[in-house]
Protein chains: 2
Amino acid sequence: MSGPLHPADAASAALLTDLYELTMAAAYMADGNHGRATFELWVRDLGEHRNFLVAAGLDDALRYLEGLRFEGEALAYLRSLGRFSAEALEFLAGLRFTGEVWAMPEGTIAFAGEPLLRVTAPIIEAQLAETFLINTVGFHTLIASKAARVTLAAGEKDWVDFGARRAHGADAALGAARSAWLAGAAATSLVLAGHRFGIPVTGTMAHSYVLSHPSESEAFLAFARTFPEDAVLLIDTFDTVAGARVAVAAARELAAEGIRVAGVRLDSGDMAMLAREVRRILDEAGFPDIRILASGGLDEHSVAALAAAAPIDGFGVGTRLATGGDEPSLDAVYKLVQDASGPRMKTSTGKATLPGVKQVHRIEEHGKVFGDTIALADEAGVAGWPLLRQAMAGGRRLDPPEPLTAGRERCRAGLASLPEPLRSLEVKAEAPVRVSDELRALARRLGEAHPPAAELH
Amino acid sequence: MSGPLHPADAASAALLTDLYELTMAAAYMADGNHGRATFELWVRDLGEHRNFLVAAGLDDALRYLEGLRFEGEALAYLRSLGRFSAEALEFLAGLRFTGEVWAMPEGTIAFAGEPLLRVTAPIIEAQLAETFLINTVGFHTLIASKAARVTLAAGEKDWVDFGARRAHGADAALGAARSAWLAGAAATSLVLAGHRFGIPVTGTMAHSYVLSHPSESEAFLAFARTFPEDAVLLIDTFDTVAGARVAVAAARELAAEGIRVAGVRLDSGDMAMLAREVRRILDEAGFPDIRILASGGLDEHSVAALAAAAPIDGFGVGTRLATGGDEPSLDAVYKLVQDASGPRMKTSTGKATLPGVKQVHRIEEHGKVFGDTIALADEAGVAGWPLLRQAMAGGRRLDPPEPLTAGRERCRAGLASLPEPLRSLEVKAEAPVRVSDELRALARRLGEAHPPAAELH
């Protein structure tokens with residue numbers, strides 16, 4: 001009953017929230033608390049295999065904030081719960097997002113603890129957006145960060161997103177394809193992502209297509225005759241090496257008709273060994289131009305190993321990309337850092353936060369990231385350029401949505417600027433992030449008011 | 001640019017497909033292949049920690065098939081790719097799903113290798129649906145199966161879905177809430193899931209709410225006065241034990257006003273130890289009715305441990321439920337098993353399939369699952385009742401969508417019927433599934449035609 005088959009409207013978006021955002025809104029309202037507050041969204045910890053993030057999801061976040069309103073059906077449902085006073089419902093009916101947003105543009109390389117996005121607004125508006133913002137920025141950033149690792153692994157070789165069938169629903173398939181392309185994929189198999197975002201679409205054939213013909217040979221011939229420019233033949237339905245010989249025979253027959261086979265795809269077995277054998281068969285038959293593509297359970301580690309050791313020209317990465325694979329979630333949080341009374345921090349065990357409205361400054365040396373400083377936004381004299389840019393004022397976007405190609409180029413440049421320890425797919429490097437003295441002093445002052453003061457990160 | 005903010009329409013659903021489904025359709029069309037074919041959808045392997053599945057996602061799957069059509073924008077986009085002939089595009093414009101579907105009703109307990117859903121239709125229609133069906137049935141079944149494990153872990157205690165912020169986009173948040181409730185959650189925090197599916201919604205307060213008041217005490221009092229029936233106070237913003245004492249003082253003050261505090265929530269630290277200490281504080285203060293709720297990084301294993309050892313009354317399970325946690329995807333496949341020429345099977349190394357149109361039969365003894373038999377659909381004399389029911393004929397549903405409560409009750413009964421080894425959250429039990437002699441003989445005959453014949457599963 002979810003999914004792209006249901007009219008998605010403002011009512012759906014407004015209710016895409018945890019109930020507590022609404023009960024807190026009602027409580028703030030009852031208290032007459034309409035003071036301005038700032039919330040920041042960051043990822044607390046990247047897990048043991050990640051050294052960096054690629055910020056993504058900002059476009060969806062801004063779209064949500066611009067469109068936020070409680071109307072008709074949504075209000076009627078909230079009324080039906082019997083929890084909200086008439087005044088609270090009336091207040092929600094009139095609510096619009098009127099605040100400002102600062103954020104890292106999509107494709108920016110970021111590290112743990114750095115605010116990716118910051119919202120300043122009357123506290124009810126800022127609080128209400130929590131669930132949606134964590135959901136959207138967290139998911140897109142998760143997949144873009146994973147995709148960037150695959151891009152690093154593939155090096156000079158191409159890789160494409162094959163994740164649609166294993167993503168968590170239709171929306172996730174679309175979002176994953178978008179984030180994958182943002183972070184370096186050459187194409188996607190998902191047609192809707194091509195339509196919506198202009199991403200190149202690609203594809204080969206399924207085992208069922210081979211099985212539905214009297215023989216592998218007839219399947220290959222029929223497919224290539226329908227797509228004479230770019231047919232990629234799936235050769236592992238029965239036996240990969242035998243399938244390569246069948247592909248060669250078909251390619252010879254097709255060549256006589258002026259049809260060119262573009263590639264073959266391996267989808268099972270020992271890929272490195274099979275790729276070498278298939279390459280030998282293709283080369284000996286006089287088809288050095290037929291490319292070898294590999295797919296099937298790949299992730300950044302297997303892509304790196306195969307890219308280094310096997311004559312594979314391109315990779316299809318699906319499940320482990322579109323679900324996040326070994327890390328299916330980010331530890332993303334959205335926390336109050338300042339309100340009308342000043343900077344705020346929480347000191348819960350292991351979950352302490354840094355207080356105050358912040359900016360992140362980056363320094364590069366010789367084209368490589370040297371280090372970031374998390375500082376107070378109004379702190380003077382911090383070296384480096386600011387990563388958070390203002391995206392919204394008075395509830396409106398300052399600029400039209402940027403083309404996805406801009407984020408893609410930003411990510412490409414960002415990955416090129418990552419120095420060696422941070423590029424590693426295996427070794428956990430120390431994040432090149434420091435907290436400014438002024439911010440650290442503020443945290444210490446506030447922490448002393450609430451022992452046990454917790455670690456600062 | 002994805003998500004619930006975009007008008008979701010038939011064009012989006014039709015393009016929610018891998019490109020190769022469309023190129024194969026074009027190739028079948030060019031060949032004049034409109035023969036009927038049967039595809040089955042199953043999960044190959046459950047991974048090392050899973051013993052069963054809970055089938056889910058059927059309603060979305062049927063809705064998609066009923067609505068499948070290529071129109072306006074979608075056709076224009078496909079035309080723009082320059083890959084499809086005018087005839088192919090014309091064919092797609094007229095295409096509707098006209099086939100039949102058999103499936104396990106939502107909430108049915110299933111095992112690896114068992115078809116959850118079977119489609120019989122002209123081969124182009126059946127093939128085209130692959131990406132969407134694997135995506136939807138796979139995702140919903142993944143989360144329902146995970147949720148069922150949490151339900152087993154919680155035993156007599158309640159648990160609720162807190163996963164919205166960590167699910168993979170808006171659609172996934174909604175789907176996860178639905179699947180969680182299907183498989184035994186008592187409620188969800190996601191308001192949209194309450195609205196769409198009638199699931200009870202629940203929630204407490206965030207740390208930001210506490211931080212935005214001059215003191216924890218003032219936050220608790222303000223919140224409870226706004227929600228005098230069911231306030232749950234979050235007590236770990238600074239220090240959980242101190243927070244419990246503040247909650248007790250607030251509860252005393254509120255009691256004098258006729259307001260009752262319903263519960264307290266712990267969200268960090270050593271939950272078992274803290275719950276015992278908090279319970280003691282509440283009891284000694286004369287509040288034995290204030291419930292203790294726990295949340296924060298929980299999964300079925302920690303819920304089981306806490307349910308057994310700590311005075312916790314309810315659990316909020318978020319990230320590790322809504323993302324699948326340790327298993328963020330199912331190894332779900334959708335394979336051709338029969339076409340106009342008869343039964344089909346693939347013999348790829350490690351990925352071999354069972355041929356022919358199948359049915360699954362279940363036997364129970366003394367109210368417990370004894371075993372399932374996967375047999376050919378037209379096989380006579382197989383013991384047990386059939387799990388796959390016809391859901392669609394001639395492209396139309398046979399019955400109106402069943403209420404979600406029916407699936408929830410089916411799942412409840414199914415979990416109660418699971419015998420001990422299969423209920424284990426830790427120990428991998430052997431799946432109680434056999435393949436009928438007739439089906440095994442057919443697979444052997446077909447496998448001999450394509451050595452190396454692969455294992456049968």
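Residues numbered from 1 in each chain as written. Chains lettered and ligands numbered in written order. Predicted model: local features only at pLDDT ≥ 70, side-chain atom pairs only at ≥ 80, totals over all residues. Heavy atoms only, no water.

On to the side chain of Glu 300 of chain B, then. All names here are of chain B. Turning to its location among the elements, Glu 300 is positioned in helix α14 (residues 300-309). Among the polar contacts made by the side chain of Glu 300, one reaches the side chain of Lys 146 at a distance of 2.9 Å. At 2.7 Å, the side chain of Glu 300 forms a polar contact with the side chain of Arg 149. Contact partners of Glu 300, with chain neighbours within four places excluded, come to Arg 50, Lys 146, Arg 149, Val 150, Ala 153 and Leu 425. (Helix = DSSP H or I, 4+ residues; strand = E, 2+ residues; numbered from the N terminus. Polar contact = N/O pair within 3.5 Å; in protein donor to acceptor, adjacent residues only side chain to side chain. Contact = heavy atoms within 4.5 Å.)

On to the domain arrangement of chain A, then. Accessible area lost on assembly of the parts is the figure often given for the size of an interface. All names here are of chain A. Its domain assignment divides chain A into domain 1 (10-143 + 327-448) and domain 2 (145-322). The gap between the C-alpha centroids of domain 1 and domain 2 is 38 Å. Each side of the interface is counted separately: domain 1 has 25 residues, and domain 2 has 25 residues. Applying the counting criterion to the domain 1 and domain 2 interface returns one salt bridge. Applying the counting criterion to the domain 1 and domain 2 interface returns 14 residue pairs in polar contact (both at pLDDT 80 or more). Broken down by secondary-structure element, the contributors of at least two residues to the side of domain 1 that touches domain 2 are β2 (53-54), α7 (130-154) and α16 (404-416). Sorting elements by how many residues they give to the side of domain 1 that touches domain 2 places α16 first, with six residues. Split into classes, the residues belonging to the side of domain 1 that touches domain 2 amount to 12 nonpolar, seven polar and six charged. (Domains from an automatic or database assignment. Salt bridge = Lys/Arg side-chain N within 4 Å of Asp/Glu carboxyl O. Nonpolar A, V, L, I, M, F, W, Y, C, P; charged D, E, K, R; others polar.)

On to the packing of helix α4 (residues 72-80) of chain B against helix α5 (residues 86-94) of chain B, then. Residues and elements named next belong to chain B. Following both chains from N to C, one finds α4 and α5 inclined at 160 degrees, their axes separated by 11 Å at the closest point. One element, α4, and the other, α5, form an angle in the roughly antiparallel class. Crossing handedness for the pair α4 and α5: right-handed. For the pair formed by α4 and α5, the contact residues are Leu 75, Leu 78 and Arg 79 on the first element and Leu 89, Leu 92 and Ala 93 on the second. For the contact of α4 with α5, a count of residues per class yields five nonpolar, no polar and one charged. (Axes fitted to C-alpha atoms, helices over the stretch in contact; angles between N-to-C directions. Parallel < 35°, antiparallel > 145°, perpendicular 65-115°, else oblique. Left-handed = near helix turned anticlockwise from the far one by under 90°.)

Turning next to the pairing of strand β8 (residues 231-234) of chain B. Two faces make up the sheet, and in a regular strand the side chains alternate between them. Residue and element names in this part refer to chain B. What you see with β8 is no split at all: Ala 231 and Leu 233 on one side and Val 232 and Leu 234 on the other are buried throughout. The pairing of β8 with strand β9 (residues 261-266) spans four bridges and is parallel. Bridging from a neighbouring strand, Leu 233 pairs with Val 264 of β9. What joins β8 to β9 is helix α12 (residues 240-255), and the crossover it makes is right-handed. (Buried < 20%, exposed > 50% of the residue type's maximum accessible area, 1.4 Å probe, protein only. Pairing = 2+ DSSP bridges. Right-handed = clockwise from strand over helix to strand, strands pointing away.)

Further remarks concern the interface of chain B and chain A. Counting residues at the interface gives 116 residues for chain B and 116 residues for chain A. Taken together, chain B and chain A are joined by 10 salt bridges. Linking chain B to chain A there are 49 residue pairs in polar contact (both at pLDDT 80 or more). Broken down by element, the side of chain B that touches chain A gets its largest block of residues, 10 residues, from helix α2 (residues 19-30) of chain B. Residues of the side of chain B that touches chain A, tallied by class, amount to 55 nonpolar, 35 polar and 26 charged.

Note on the identical chains: chain B maps onto chain A by a rotation of 180 degrees and an axial translation of 0.0 Å, with an RMSD of 0.0 Å. The symmetry that links the two subunits is that of a two-fold axis. Here 100% of the contact residues of chain B are again contact residues in chain A; the copies associate through an equivalent surface. (Least-squares fit on C-alpha atoms with pLDDT ≥ 70 in both.)

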